[in-house]
Amino acid sequence: MLMFVWAAGEMVGRIVPRMKKQAVSVVLTYVSYGLAFIPEGIEEVGDWLEVLSVVETGIALCLPLVLLVVLLAQRSGEGAAHDPPK
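This is a predicted model, so every value here is computed, not measured.

**Notes on the overall build of the protein chain**
Okay, step 1: When helices and strands are tallied, the protein chain shows 3 helices and 0 strands.
Okay, step 2: Reading the helices (α) and strands (β) of the protein chain from amino to carboxyl end gives α-α-α.
Okay, step 3: Counting only residues that meet the buried cut, the protein chain has 2% of its 86 residues in that class.
Okay, step 4: As displayed, the protein chain offers around 8,200 Å² of accessible surface, 71% of which is attributable to carbon and sulfur atoms.

**Details of the packing of helix 1 (residues 2-15) against helix 2 (residues 21-35)**
Okay, step 1: Where helix 1 meets helix 2, the closest approach of the two axes is 10 Å, and the angle between their N-to-C directions is 120°. Of the possible angle classes, the one that applies to helix 1 and helix 2 is oblique. Between helix 1 and helix 2 lies a crossing whose hand is right-handed. Of the residues in helix 2, those in contact with A8, G9, E10 and V12 of helix 1 are K21, V24 and L28.
Okay, step 2: Across the contact of helix 1 with helix 2, the residue classes tally to 4 nonpolar, 1 polar and 2 charged.

**A look at the packing of aromatic side chains**
The relation between two aromatic rings is expressed through the spacing of the ring centres and the mutual angle of the planes.
Okay, step 1: If you walk through the whole model with that rule in mind, you get 1 aromatic pair.
Okay, step 2: With 5.1 Å between their ring centres and 85° between their planes, Y33 and F37 make a pair best called edge-to-face. Each member of the pair, Y33 as well as F37, carries the same accessibility label: exposed.

**Digging into the pattern of salt bridges**
Okay, step 1: Counted under the stated rule, the structure contains 1 salt bridge.
Okay, step 2: The partner of E10 in a salt bridge is K21, and the shortest N-O contact between them spans 3.2 Å. Separated by 11 residues along the polypeptide, E10 in helix 1 and K21 in helix 2 bring together distant segments of the chain.
Okay, step 3: For E10, a relative accessible area of 27% puts it in the partly exposed group.

**A word on helix 1**
Okay, step 1: Along its 14 residues, helix 1 runs 20 Å from first to last C-alpha, staying within 8% of the 20 Å computed at 1.5 Å per residue.
Okay, step 2: The buried count for helix 1 comes to 1 of 14 residues, which makes it a mostly uncovered element.

**Some words on a nonpolar patch on the surface**
Okay, step 1: Together, V27, V31, L35, I38, W48 and L52 make up an exposed nonpolar region whose accessible area comes to about 540 Å².
Okay, step 2: If you list the elements that add at least two residues to the nonpolar patch, you get helix 2 and helix 3 (42-82).
Okay, step 3: No other element matches the 3 residues that helix 2 contributes to the nonpolar patch.
Okay, step 4: With respect to the helices and strands, W48 occurs in helix 3.
Okay, step 5: Residue classification places W48 among the partly exposed residues on the basis of a relative accessible area of 40%.

How each quantity is defined
Residues numbered from 1 in each chain as written. Predicted model: local features only at pLDDT ≥ 70, side-chain atom pairs only at ≥ 80, totals over all residues. Heavy atoms only, no water. Helix = DSSP H or I, 4+ residues; strand = E, 2+ residues; numbered from the N terminus. Buried < 20%, exposed > 50% of the residue type's maximum accessible area, 1.4 Å probe, protein only. Areas by Shrake-Rupley, 256 points an atom, 1.4 Å probe, with all protein chains shown as cover. Axes fitted to C-alpha atoms, helices over the stretch in contact; angles between N-to-C directions. Parallel < 35°, antiparallel > 145°, perpendicular 65-115°, else oblique. Left-handed = near helix turned anticlockwise from the far one by under 90°. Contact = heavy atoms within 4.5 Å. Nonpolar A, V, L, I, M, F, W, Y, C, P; charged D, E, K, R; others polar. Phe/Tyr/Trp six-rings, centres within 6.5 Å; stacked < 30°, edge-to-face > 60°. Salt bridge = Lys/Arg side-chain N within 4 Å of Asp/Glu carboxyl O. Expected span 1.5 Å × (residues − 1). Patch = residues over 30% accessible without salt bridge, like charges linked within 9 Å, V, L, I, M, F, W, Y side chains within 5 Å.

What follows is the structure, given as structure tokens:
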């Protein structure tokens, strides 16, 4: 649990660099405390985790494919622009 809190603090600190570390910790504590009241039971938490795991799996599978397509498109357009004149 401590590692997740540390990682969240680092992430928020990089997104909002002007915010003090103590303020980041306070905000994260209140936000996580508030989010804990949203699900009404363990079944609902299980449903949320199931949906989020499907989304995470989709991102993990699709993002590398999108990056490969971008790299291939970049490579195919590279020849005409970077060839030295003859």
